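Here is what each chain is made of, one letter per residue.
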Amino acid sequence: MKKTGLLLSLLFVAKASCFTVSAQDTPAWAKETRDRKEQRMAWWTHDRFGMFIHWGIYALPARHEWVKRNEKISDEAYQRYFERFDPDLYDPKEWAAKAKAAGMKYVVVTTKHHDGFCLWDSKYTDFKVTNTPYGKDLIKPLVDAFRSEGLRIGFYYSLIDWHHPDFPYDRLHPNGPSDPEARKTANERRDLKTYRQYMKNQLTELLTQFGAIDELFLDFSYPGENGKGHQEWDSEGLLKLIRQLQPNILVDNRLDLDHTDWGWDFVTPEQFMPQEWPVVRGQRVPWETCQTFSGSWGYYRDEYTWKSVHQLVVMLIEITSKGGNLLLNVGPTARGVFDDRANERLAGIGKWMYYHHRSIYGCTQAPDNFKVPQNCLLTYNPSAKRLYVHVLEWPFKSLHLPGYEGRFKYAQLLNDGSEIRFHTQTQAGSHTTENSREDDVILSLPVERPNVDVPVIELFLE
Ligand code: GLC
């Protein structure tokens, strides 16, 4: 008895101290129930598909938004783009209409990228659009245009700043001495505290002057030797401010707070396709992958590795099939328009989405007990109770659904709502009878593949 009592009280102490530790871990302002977080994220997990926009004076050199770093361009030399930035064809209403027609439900626009150039009229810097020949704020008209098309608004804000005089030189900085000693001396004249306050001031502008901001994409941390992470940024302080100003906002995980459960809302795999739904500490987490049409985020004239419409449509399906979001990037030109290659992709995706958005919005990964048929990707709408079979390679006549017997009551092609008949294989004998497992269902497909990028079959589940 005594022993059990001791054991129980030990367990109790252990549990209590465990609890205290994790409770202390989460700052009071960051505490939130799981339900509340789910509510906050509900629109986003429903919408699945957004437009990323990378725009700034790097559209003039037109060879990557990292051109300042890649070519080690000095502030003085970079100024020639600032002095000529004049996007005379800028019409955000046209951008918004294109995003909407592509089936995108939200936009995330660069308000400041690593080069430090600001697209709004920030009162904390001169390095901003209102001082270029264009002379006008770019962000407010964009916010208004996208909002009036019914899209939600996200801001990208670079933590990195290669223009600010108090941003210490580090391993990514394009300028500054490369010799470690000389860099150290140069950094003595750079005051990180001032830069931190600059970020807070600018984020306050962005989060108070443009109405409700739905997503904030902070970019990015590179902790360790000669880098910057949560301590340098004061990530906790930044996030606290952000949450105070916009309690419903969704924040990415690039503040270097991945070791906490409260320092981010979603993870952001970039430029690759996760093999499965990303997991953090054993739990599937919300995720949004950002992708480019070609290899660059900013407009890159001579970049030719463009993905096809088909690849992009499959990408969107695959991401949804793993419970994630796609943030697909456009890099507008220095004149302020999307180039033909981007327009063609957006229109192509839009054509597919027009008929098939039902297999994307509100959908997620199918329950594990639905096997994925050959050459297919599945998505699933839990509230409508429908399963979507995306047929990547159109088979001849029959599509086998392994183990689906008795699990759905009706099937149709999504693009035209035409019935797909189905049967299970029971009779044996004739040479025209297909072999299949007993609990398989065989869909009878038309021989001709529907004339859409990826045909989808909608199953109404039991
Ligand atoms: C990377 C790059 C940047 C781009 C971003 C998009 O962090 O530094 O140029 O804006 O990815 O997620």
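1. As for the overall build of the protein chain
- Counting its regular elements, the protein chain contains 12 helices and 16 strands.
- The C-alpha extent of the protein chain, read off along each of the three principal axes, is 85 × 80 × 40 Å.
- Taken over 462 residues, the protein chain has a buried fraction of 54%.
- Within the protein chain, contacts between residues at least 6 apart in sequence are counted, and of these 71% link residues at least 24 apart.
- Here the protein chain has roughly 21,700 Å² of accessible surface; of this, 51% comes from carbon and sulfur atoms.
- In the protein chain, which carries 57 positive and 62 negative side-chain charges, the distance between the mean positions of the two groups comes to 4 Å.

2. Considering the side chain of S158
- The residue S158 is located in strand β3 (residues 152–158) in this model.
- Residue classification places S158 among the buried positions, given a relative accessible area of 0%.
- Of the polar contacts made by the side chain of S158, one reaches the side chain of H114; its length is 2.7 Å.

3. As for the sheet that holds strand β12 (residues 398–401)
- Within the open sheet, the 3 strands sit side by side as β12-β15-β14. Their pairing is antiparallel. Strands with a single pairing partner mark the edges of an open sheet, and in this sheet they are β12 and β14 (422–423).
- Two strands pair when backbone bridges link them, and β14 and strand β15 (residues 441–444) are joined in this way by 2 bridges, in the antiparallel orientation. Each residue of the ladder has a partner; that of F422, found in β15, is L443.

4. A closer look at helix α7 (residues 180–187)
- By the burial criterion, the buried members of α7 are R183, A186 and N187. Viewed along the axis of α7, the buried residues span an arc of 95°, placing them on a single side of the element. Facing away from the buried side of α7, by more than 90 degrees, are the exposed residues E181 and K184.

5. Some words on the site of the ligand
- In the region of the ligand, 14 residues are neighbours, and H54, E65, H113, H114 and E270 sit closest.
- Between the ligand and the protein, one listed contact pairs an oxygen atom with a side-chain N or O atom of W66 at 2.9 Å.
- Within the side chain of R254, one N or O atom sits 3.1 Å away from an oxygen atom of the ligand.
- Within the complex, 94% of the 300 Å² of free accessible area of the ligand lies under protein.
- Across the shell around the ligand, the residue classes break down as 7 nonpolar, 3 polar and 4 charged.

Conventions we followed
Along every chain, residues carry numbers that run from 1 in the direction the sequence is written. Residues qualify for local features only when their pLDDT is at least 70, as the model is predicted, and side-chain atom pairs are given and counted only at 80 or more; totals for whole chains, interfaces and linings, by contrast, use all residues. Computation of side-chain values covers all heavy atoms of the structure but excludes hydrogens and water. The way it works is that DSSP assigns letters per residue, a run of H or I at least four long becomes a helix, a run of E at least two long becomes a strand, and they are numbered from the N terminus. Relative accessibility decides the category of a residue: with a 1.4 Å probe and only protein chains considered, values under 20% of the type maximum give buried, values over 50% give exposed, and everything between is partly exposed. The contact definition used throughout considers only heavy atoms, calling two residues in contact when any of these lie within 4.5 Å. Note on areas: Shrake-Rupley, 1.4 Å probe, and residue coverage restricted to the protein chains presented here. Asp and Glu count as negative and Lys and Arg as positive, but His and the ends of the chain are not part of the count. Note that the charge is assigned to NZ on lysines, CZ on arginines, CG on aspartates and CD on glutamates. Under this definition, polar contacts are N or O atom pairs within 3.5 Å; protein pairs additionally need one hydrogen-donor-capable and one acceptor-capable atom, and for neighbouring residues in sequence, both atoms have to be side-chain atoms. When DSSP locates at least two bridges between a pair of strands, those strands are taken to pair. Arc definition: it is the arc formed by the directions from the helix axis to the C-beta atoms. If a single non-hydrogen atom of a residue is within 4 Å of a molecule or strand, that residue counts as near it. When residues are sorted by character, Ala, Val, Leu, Ile, Met, Phe, Trp, Tyr, Cys and Pro go into the nonpolar class, Asp, Glu, Lys and Arg into the charged class, and all the rest, Gly among them, into the polar class.

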